[in-house]
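Now for the letters of each chain:
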Amino acid sequence: MPKLGINIDHVATLRQARRTIFPDPVKAALICENAGADSIICHLREDRRHIHDKDVYSLRKTIRTKLNLEMSVAEDIVKVALKVRPDEATLVPERRKELTTEGGLDVLKNKKRIKSVVQRLLDSGIFVSLFINPDKKQIEAAKDIGAPFIEIHTGRYADACLAGRRACLAGRQAKNYAKKVKEFDKIKKAVSFAESLGLRVNAGHGLDYDNVKPIACLKGMEELNIGFSVIARAVFVGLERAVKEMRHKLN
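Please read these numbers as outputs of a predicted model, since none were measured by experiment.

### A few points about the pairing of strand β4 (residues 88-91)
- Burial of β4 is two-sided: the residues Glu88 and Thr90 facing one way and the residues Ala89 and Leu91 facing the other way are all buried.
- On the question of chirality, the crossover connecting strand β3 (residues 66-71) to the parallel β4 by way of helix α4 (residues 75-84) is right-handed.
- With 4 bridges joining them, β4 and strand β5 (residues 127-132) adopt parallel strand pairing. Across the sheet, Leu91 pairs through a bridge with Leu130, a residue of β5.

So this is what it looks like as structure tokens:
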């Protein structure tokens, strides 16, 4: 049974919609912990569009479970991470105009820079994970630069699942089902290959209450990091219940 990490970014997104002080992402993190989350995730973006520096510092002081800081390799963000010292840092790609992280980190293309940041974080006692696509060459590159963890980007699988749900209503299920199976198979092979190299594996992006079970059942999967679907569900049933329902899915 994989552990459950809850990303609280969208609580801060709601706060920033009105530039006010509520809802408080730190308070949300405590509710998530009490409901069964094994870790709390936040992404300190370079443009500070949702999570702010003060949120990260407050989370470090307040939560009792693991703090996983998603971050780019930009120097100002790295300096914050080295000062905060989260339990884990997940290096992700970042583009200013994207709505959400659109794909995995290109470790091959940016190997020297990423390796330097990984080493600085590890030297400070911070576990490091690289958020990458389920691609053999990227996994090998992650191993080469010394990252102990990878997080498999599940976005294409999630998109295929969503397209399948929509197509089912229109009578086009077979084609979309095949795409979903293809994307799932890539993830399954990637997890197995990473394990064979001695890497530890998490996964996340786009996972929801309908598509999470197959990913949760993969042998070797340590943690699933989920945010938007849980926060969206919380609008209707409350945050505590939304987390408990996801925890039940993983169980």
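### Quick notes on the sheet that holds β3
- Taken in spatial order, the 8 strands line up as β1-β2-β3-β4-β5-β6-β7-β8 and close into a barrel, and their pairing is parallel. Neighbour-to-neighbour, the strand axes of the sheet open up by a mean angle of 25°, direction not taken into account.
- Strand contacts of helix α11 (residues 239-250): β1 (3-7) and β8 (221-226), with the helix running at about 145° to β1, the strand carrying the most contacts.

### Remarks on the packing of aromatic side chains
- In this structure the tally under the stated criterion is 2 aromatic pairs.
- Here the aromatic rings of Phe127 and Phe149 are separated by 5.9 Å at their centres, their planes lie at 55°, and the arrangement is tilted. Of the two residues, Phe127 sits in strand β5 while Phe149 sits in strand β6 (residues 149-153), which places them 22 residues apart along the sequence.
- Its relative accessible area of 4% is what places Phe149 among the buried residues.

### What to know about the packing of helix α3 (residues 53-62) against α4
- Packing of α3 against α4 leaves a shortest axis separation of 10 Å and a crossing angle of 20°. Classified by the interaxial angle, the pair formed by α3 and α4 is roughly parallel. Considering only the axes of α3 and α4, their crossing is right-handed. Residues Asp53, Val56, Tyr57 and Arg60 of α3 pack against Val80, Lys83 and Val84 of α4.
- Considering only residue class, the contact of α3 with α4 consists of 4 nonpolar, no polar and 3 charged.

### A look at the pattern of salt bridges
- All told, the structure shown has 19 salt bridges when counted by the stated rule.
- When the shortest N-O distance is used, the salt bridge between Glu240 and Lys244 registers 3.1 Å. Taken together, the residues Glu240 and Lys244, both in helix α11 and 4 residues apart, mark about one turn of the helix.
- By relative accessible area, which is 42% here, Lys244 ends up partly exposed.
- Salt bridges here are not isolated pairs; linked through shared partners, they connect Arg15, Lys54 and Asp55.

Thresholds, definitions, all that
- Residues numbered from 1 in each chain as written.
- Predicted model: local features only at pLDDT ≥ 70, side-chain atom pairs only at ≥ 80, totals over all residues.
- Heavy atoms only, no water.
- Buried < 20%, exposed > 50% of the residue type's maximum accessible area, 1.4 Å probe, protein only.
- Helix = DSSP H or I, 4+ residues; strand = E, 2+ residues; numbered from the N terminus.
- Right-handed = clockwise from strand over helix to strand, strands pointing away.
- Pairing = 2+ DSSP bridges.
- Axes fitted to C-alpha atoms, helices over the stretch in contact; angles between N-to-C directions.
- Contact = heavy atoms within 4.5 Å.
- Phe/Tyr/Trp six-rings, centres within 6.5 Å; stacked < 30°, edge-to-face > 60°.
- Parallel < 35°, antiparallel > 145°, perpendicular 65-115°, else oblique.
- Left-handed = near helix turned anticlockwise from the far one by under 90°.
- Nonpolar A, V, L, I, M, F, W, Y, C, P; charged D, E, K, R; others polar.
- Salt bridge = Lys/Arg side-chain N within 4 Å of Asp/Glu carboxyl O.

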